[in-house]
Each structure stands twice: as C-alpha cells, then as structure tokens.
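Close look at the chain arrangement
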Amino acid sequence: MQTEIEKTPSKPSGRKYSSVEALMRGEGLSQEMKAKVSELTTETRVTLQLAKLRQLSEITQEEMAKHLGVTQSAISKLESGRDEEITLREIREYARVTDQRISVMFGKPLTHVEAVKIHANGLKTRLESLAKIANQNEDFQNEIKGFFGEAFFNLFNIMANCSNMLPPGEGDVEIKIEIVHAHQPQSLPPIASACKETGVTV
Amino acid sequence: MEYRGGLMWNFEPSTQFQKDQKWYEKKHPNELAAVFRNLQRYLALLMVSKNSKCVEAGYLHKEPGGVIAVDQKGFSGNLQETRLYTFAIDAVKTVHLITIGSKDTQHSDIEYSKNFIEQFSKQ
C-alpha cells in the first residue's frame, strides 16, 4: 500500500475528543465509517472487558499466560480478538486470576424499566434472606439491623434524588432527606429505627 | 469497573493526522476502521491503567522516542498493514494522534513522529 499523502510539518490541532466516536463526528468522517467502526467494536466487547480486567488488576499478559498455561502471544491474541473466538473457560479463568466477578448475558439488552424491576426483585430476595439470618442467629442481629437502616437510607436517597431529576409538574411533592440523628435507641424496631436515624421527611 | 485517576483521557489530532484520516477514509476505509477500533480499545485500557506505559495489547507497538503505534490487527479478512502513530502524555491525559502510515512508510513515519514530539516538547 503506497501512502500518497505528503507529510508536511505538523502541530497539535487544539481539538480534543473523549472517544473515537467524538473524533469521527468532530472531524467530519462519513456515516459509513462510523457504522463500520461501531460494527467492529460490537464484535469485541467481551474481549475488551477481559483486557480491562487484567489491566486494572495490574497483571501483565505474561503473568496471565502463566496462570492459564498458555503463551503470552495467545493472551495478546485473545484480548485483541473477537468475542466469538473466546471460551467460557477463558472467561472463568480471568475471573479467577483477577479475583473479580464476571457476568455474561446473552440476548437482547434489558430496558431500563426491566433492569430496575430485576434489581428490585433481587434486593427483596437478599433482604429477606438477611432477615431470616437475623431471626435465626442473635450474633448477627444488630449488624443486620444496622445494615437495613443504612440500605433503607441509601435506597430512599437514590429514589429521592432521581425523582427530583424528573421534569416539574403540577401537584408534585419535593422529596428531601436529612440526617437528624447519628445514633438511635436500640429498642426501636429495625425500620422505625432506620426512619428515626435518617429523619426521612417527604 | 473503576476508572483510575478520576480524569478521562482525550485524543488530540495533529494537523497531519487530520489530512491522513481523510485520505485513508477514501482509499482504505477498512484499515482505518480497524485502526480506529483499536484506538478506542487503547483509550479504554488507558482509563484503567496506572500510567500509559503499563498498557499492554497486541495491537500496540512501542517505537523509539516514546511513540506508540496502533495497528489494524484483531480481525479476520485481508487488511493491509496500517499504523497510527501516537504519543501519550500522562500529566494531561492526552493521546496525540500524529500520523497514519503503511508498513512501507514505517521508518519515515517513526522519524516523523519523533520529530513531532521533539518540536512539541520544545514549546
């Protein structure tokens, strides 16, 4: 391939971009080019996540290769390649070596509403399990009650903050949360205790 | 996954790169797309790395003078060897995009990139 373009003295353009997408948009590249790059990026989402996980864990490709019993070039190829070429075993091994959790989901992405419902259901299940443990084991009761109070406050805070981001309308109620007490009496039941601690006002 | 440092990395194209990408878009769009995909991956790895020198990937080549070349590898298909020459500055979290070239122009492109960095460093 012969580069026909002449190289002339150059300098930074002064334009900054936070992504390739922004670069292509800002520099006026065609829709076809954007679509091509997007298609290529879609094919390599999982392998990129594996490379990021390794990099974040400060593990070199050489070290990862030793853990997996392969060569460094095999790791390099895996991380640069397409998702369809990797195996579940390799994903599992990356999770093990980096001591991180990896979830893989196939099928169409969740909508925002579906995701919120799934998370809410997951929260309910986990909290019920914790309540069961608290009832069965006195040693964990205070700790679990404290966690319930903390979780209640955090979840309510998230809901309040997100609700306040909605466009204003007639009859809306402003939601405000303040901490009025750092500590609460031990005798209060868990939820009442959490309300007392957070001083929730709606 | 957490990002390190709190600041996002940016690209800054050079005036030569701006000409190169237009030329490559017309003459070698598949090669340019593949290089851009790898550039995006390079950026993603920079975000989770302590510094730019820690980043390791098969499509990155450490050249003399601190130049990092991003190639087109990672795809099946018959793409021609193409390299995008860059220079990362950790202090301002910026990757300078210097020029694009083929395997044939590799030597002169590296020299060109080194000169760019020298000129840039003097300013």
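The rules behind the values
Residues numbered from 1 in each chain as written. Chains lettered and ligands numbered in written order. Predicted model: local features only at pLDDT ≥ 70, side-chain atom pairs only at ≥ 80, totals over all residues. Helix = DSSP H or I, 4+ residues; strand = E, 2+ residues; numbered from the N terminus. Buried ≥ 20, exposed ≤ 12 C-beta atoms within 10 Å, placed from the backbone. Contact = placed C-beta atoms within 7 Å. Expected span 1.5 Å × (residues − 1). Nonpolar A, V, L, I, M, F, W, Y, C, P; charged D, E, K, R; others polar. Core = buried A, V, L, I, M, F, W, Y, C linked by C-beta atoms within 7 Å. Pairing = 2+ DSSP bridges. pLDDT = per-residue confidence, 0-100. Axes fitted to C-alpha atoms, helices over the stretch in contact; angles between N-to-C directions. Parallel < 35°, antiparallel > 145°, perpendicular 65-115°, else oblique. Left-handed = near helix turned anticlockwise from the far one by under 90°.

So, on to the overall build of chain B. Each helix and strand in chain B was counted, giving three helices and five strands. Counting from the amino terminus, helix and strand elements in chain B follow one another as β-α-α-β-β-β-β-α. On the principal axes, the C-alpha backbone points of chain B span a range of 40 × 35 × 25 Å. Within chain B, the fraction of its 123 residues that count as buried is 50%. Once local pairs closer than 6 in sequence are excluded, the contacts in chain B between residues at least 24 apart make up 54%.

Further remarks concern helix H3 (residues 45-56) of chain A. For H3 of chain A, built from 12 residues, the straight-helix expectation of 16 Å at 1.5 Å per residue is met to within 8% by its first-to-last C-alpha distance of 16 Å. Burial in H3 of chain A covers these residues: Thr47, Leu50, Ala51, Leu53, Arg54 and Gln55 of chain A. Contacts from the buried residues of H3 of chain A go to helix H4 (61-68), helix H5 (72-80) and helix H6 (88-98) of chain A together with helix H2 (29-47) of chain B. Trailing H3 of chain A by a residue or two, glutamate 58 of chain A shows a phi angle of about 55°, which is positive.

In this section: the interface of chain B and chain A. The partner chain A presents 37 residues to the 48 residues of chain B that form the contact. Of all elements in the fold, only strand E1 (10-13), helix H1 (15-27), H2, strand E5 (94-102) and helix H3 (106-122) of chain B reach the threshold of two or more residues within the side of chain B that touches chain A. A per-element tally of the side of chain B that touches chain A places H2 of chain B first, with 12 residues. Among the residues forming the side of chain B that touches chain A, the class breakdown is 21 nonpolar, 18 polar and nine charged.

With that settled, consider the nonpolar core. By size, the foremost hydrophobic cluster in this structure holds 44 residues, and its most contacted members are Val35, Leu39, Tyr42, Leu45, Leu46, Val70 and Leu84 of chain B. Those elements that provide at least two residues to this core are helix H1 (20-26) and H3 of chain A together with H1, H2, strand E3 (68-71), strand E4 (82-89), E5 and H3 of chain B. Of all the elements, H2 of chain B adds the most residues to this core, at 12 residues. Residues contacting leucine 84 of chain B, with those up to four places away along its chain left out, are Val35, Leu39, Ala69, Val70, Leu97 and Ile100 of chain B.

Let us look at the pairing of E5 of chain B. All names here are of chain B. Of all nine residues making up E5, seven are buried, and the element is well covered by its neighbours. In terms of strand pairing, E1 meets E5 through four bridges, oriented parallel. Of the residues in E5, the one forming a bridge with glutamate 12 is histidine 96. Bridge analysis of E4 against E5 gives eight bridges, and the strand direction is antiparallel. Following the sheet pairing, threonine 82 is matched in E5 by serine 102. In this structure, the hairpin formed by E4 and E5 is closed by a connection of four residues, where lysine 93 is found at a positive phi of approximately 45°.

Further remarks concern the confidence of the model for chain A. Residues and elements named next belong to chain A. Of the residues in chain A, 82% reach a pLDDT of 70 or more, and the chain-wide mean stands at 85. Ranking the helices and strands of chain A by mean pLDDT puts H4 first, with 96, and strand E2 (residues 200-201) last, with 38. In the predicted structure, residues 185-202 sits below a pLDDT of 50 and forms 32 contacts with residues beyond four places in sequence or in another chain.

Turning to the packing of helix H2 (residues 31-42) of chain A against H2 of chain B, a few remarks are in order. Following both chains from N to C, one finds H2 of chain A and H2 of chain B inclined at 50°, their axes separated by 9 Å at the closest point. Put simply, H2 of chain A runs oblique to H2 of chain B. Crossing of H2 of chain A against H2 of chain B: the hand is right-handed. Of H2 of chain B, the residues touching H2 of chain A (which contributes Met33, Lys36, Val37, Leu40 and Thr41 of chain A) are Pro29, Leu32, Ala33, Ala34, Phe36, Arg37 and Gln40 of chain B.

The next subject is the sheet that holds E4 of chain B. Note: strands within a sheet are paired through backbone hydrogen bonds, in either parallel or antiparallel orientation. Residue and element names in this part refer to chain B. Spatial ordering of the open sheet is given by E1-E5-E4-E3-E2, a layout of five strands whose pairing is mixed. The outermost strands of the open sheet, each flanked by one partner alone, are E1 and strand E2 (60-62). In this sheet, adjacent strand axes meet at a mean angle of 35° when their direction is disregarded. Note: E3 against E4, four bridges, orientation antiparallel. In the sheet register, isoleucine 68 faces E4, and the bridge partner there is threonine 86. Its contacts with the sheet place H1 against E1 and E5, and it is angled at close to 45° to E5. The sheet contacts of H3 involve E4 and E5, and relative to E5 the element is tilted by about 155°.

All names here are of chain A. Put simply, helix H7 (residues 112-136) and helix H8 (residues 138-163) touch, their axes get as near as 7 Å, and they point 145° apart. As H7 packs across H8, the resulting crossing turns out to be left-handed. Residues Leu130, Ile133 and Ala134 of H7 lie in contact with H8, whose contacting residues are Phe140, Gln141, Ile144 and Lys145. Split by residue class, the contact of H7 with H8 holds five nonpolar, one polar and one charged.

All right, on to the environment of proline 13 of chain B then. By the element assignment, proline 13 of chain B lies in strand E1. Using a count of 25 C-beta atoms within 10 Å as the deciding quantity, one classes proline 13 of chain B as buried. In sequence terms proline 13 of chain B and threonine 99 of chain B are 86 residues apart; their C-alpha atoms lie 8.5 Å from each other. When residues no more than four places from it in sequence are discounted, the contact partners of proline 13 of chain B are Ser13, Arg15, Leu23 and Glu27 of chain A together with Gln18 and Leu97 of chain B.

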